[in-house]
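# Examination of the molecular architecture
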Amino acid sequence: MSPSGFSASSTAEEVTHEIDGTGLTAIVTGTTNGIGTETARVLALRGVHVIMGVRNMVAAKDVKEAILKEIPKAKVNVMELDLSSMASVRKFVSQFNSSGLPLNILINNAGICSTRFMLSKDNIELQFATNYLGHFLLTNLLLDTMKKTAHESKKEGRIINVSSEGHRYTYPEGILFDKINDESCYQKWRAYGQSKLANILHANELARCLKEDGVHITANSVHPGAIVTNIANHGHYDAPYLLNVLGKYEIKSVQQGAATTCYVALHPQVKGINGEYFSDNNLAKPSSQGKDTDLAKKLWDFSMKLIE
């Protein structure tokens, strides 16, 4: 039996069974398909007030309606959020803060995968901008609200970065600081791996800062599992490479894929665990680069300059 009592085949509903999330508020990014949708649904099922941060408002309204049809008492709101645009992230946070809602849980889930080389509206390579930097800025801007909520509610705040085992397939240097936007160096799968390594390093450095400040908030990263539909949805993918990489892992259903995120977001077993990497609803070990504290600090400083 695994330490948590759960495994790769456990579903999000199973790992949150009998957990009451009433009174908690969560922001989940990227909830219009796949594991994001399932994460929002299961949190809502457990009584959490879910704010869906989404780019596609039409698709999000359909997801919200489906959740409310299944769970009539669910508390779900939809807000527009394009993580590839810093202006959109700032607008989202401003609107959220204006609502006066508390914030207990932040799930940085949205992502794109192995796209051809493109730059964001802020002229940053699109996978790095969407998967990592937008979430870095979002987290940074929401921290004060989370600190206030944790202090007033006396409940631990939790930040979860959805990473991937793909973080092991980054560029040899880990993060191409000087060439992040250089098309001549760009390899779509390594760029994806780079963005997912950045998610882990962000959670680790954030956890260190929170611990240092004595704040009642944890930050962790998770690998949801290999879910072909979710990755393939983005269209620009190399099937032989994908199957070679994913062949090493058990292919999961969306219900199983959302489990580790929901486990880390809600389960009492995870209380106080900070700066760790989870896979299959248990603690796991990231790559050596994923544990590199100097690299994490360098990335943090680099990111702070980018969001100025």
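All values reported here derive from a predicted model rather than from experimental measurement.

About the thresholds
- Residues numbered from 1 in each chain as written.
- Predicted model: local features only at pLDDT ≥ 70, side-chain atom pairs only at ≥ 80, totals over all residues.
- Heavy atoms only, no water.
- Pairing = 2+ DSSP bridges.
- Helix = DSSP H or I, 4+ residues; strand = E, 2+ residues; numbered from the N terminus.
- Axes fitted to C-alpha atoms, helices over the stretch in contact; angles between N-to-C directions.
- Contact = heavy atoms within 4.5 Å.
- pLDDT = per-residue confidence, 0-100.
- Parallel < 35°, antiparallel > 145°, perpendicular 65-115°, else oblique.
- Nonpolar A, V, L, I, M, F, W, Y, C, P; charged D, E, K, R; others polar.

## With respect to the sheet that holds strand β2 (residues 49–54)
Taking strand neighbours across the sheet as the criterion, the 8 strands line up as β3-β2-β1-β4-β5-β6-β7-β8 in an open arrangement whose pairing is mixed. In this open sheet, the two edge strands, each paired with only one partner strand, are β3 (75–80) and β8 (282–284). In this sheet, adjacent strand axes meet at a mean angle of 25° when their direction is disregarded. Here strand β6 (residues 217–223) pairs with strand β7 (residues 277–279) via 3 bridges, running parallel. When the bridges of β7 are listed, His223 appears paired with Ser279. Where helix α3 (residues 57–70) meets the sheet, its contacts fall on β2 and β3, and the angle it forms with β3 comes to roughly 180°. Against the sheet, helix α6 (residues 188–212) contacts β5 (157–162), β6 and β7, and its axis sits at roughly 160° relative to β6.

## Some points on the confidence of the model for the chain
Residues at a pLDDT of 70 or more form 92% of the chain, whose mean pLDDT is 93. Low pLDDT, under 50, characterises residues 230–239; the predicted model gives this stretch 23 contacts beyond four residues in sequence or across chains.

## Focus on the packing of helix α5 (residues 126–153) against helix α11 (residues 293–306)
Geometrically, a packed helix pair is captured by the angle between its two axes and the distance between the axes. Relative orientation of the contacting elements α5 and α11 amounts to 85°, with a least axis distance of 11 Å. In this view, α5 runs roughly perpendicular relative to α11, as classed from their interaxial angle. Between α5 and α11, the contacting residues are Phe128, Tyr132, Leu133, Phe136 and Asn140 on the first element and Leu299, Trp300, Phe302, Ser303, Met304 and Leu306 on the second. Partitioned by chemical class, the residues of the contact of α5 with α11 number 9 nonpolar, 2 polar and no charged.

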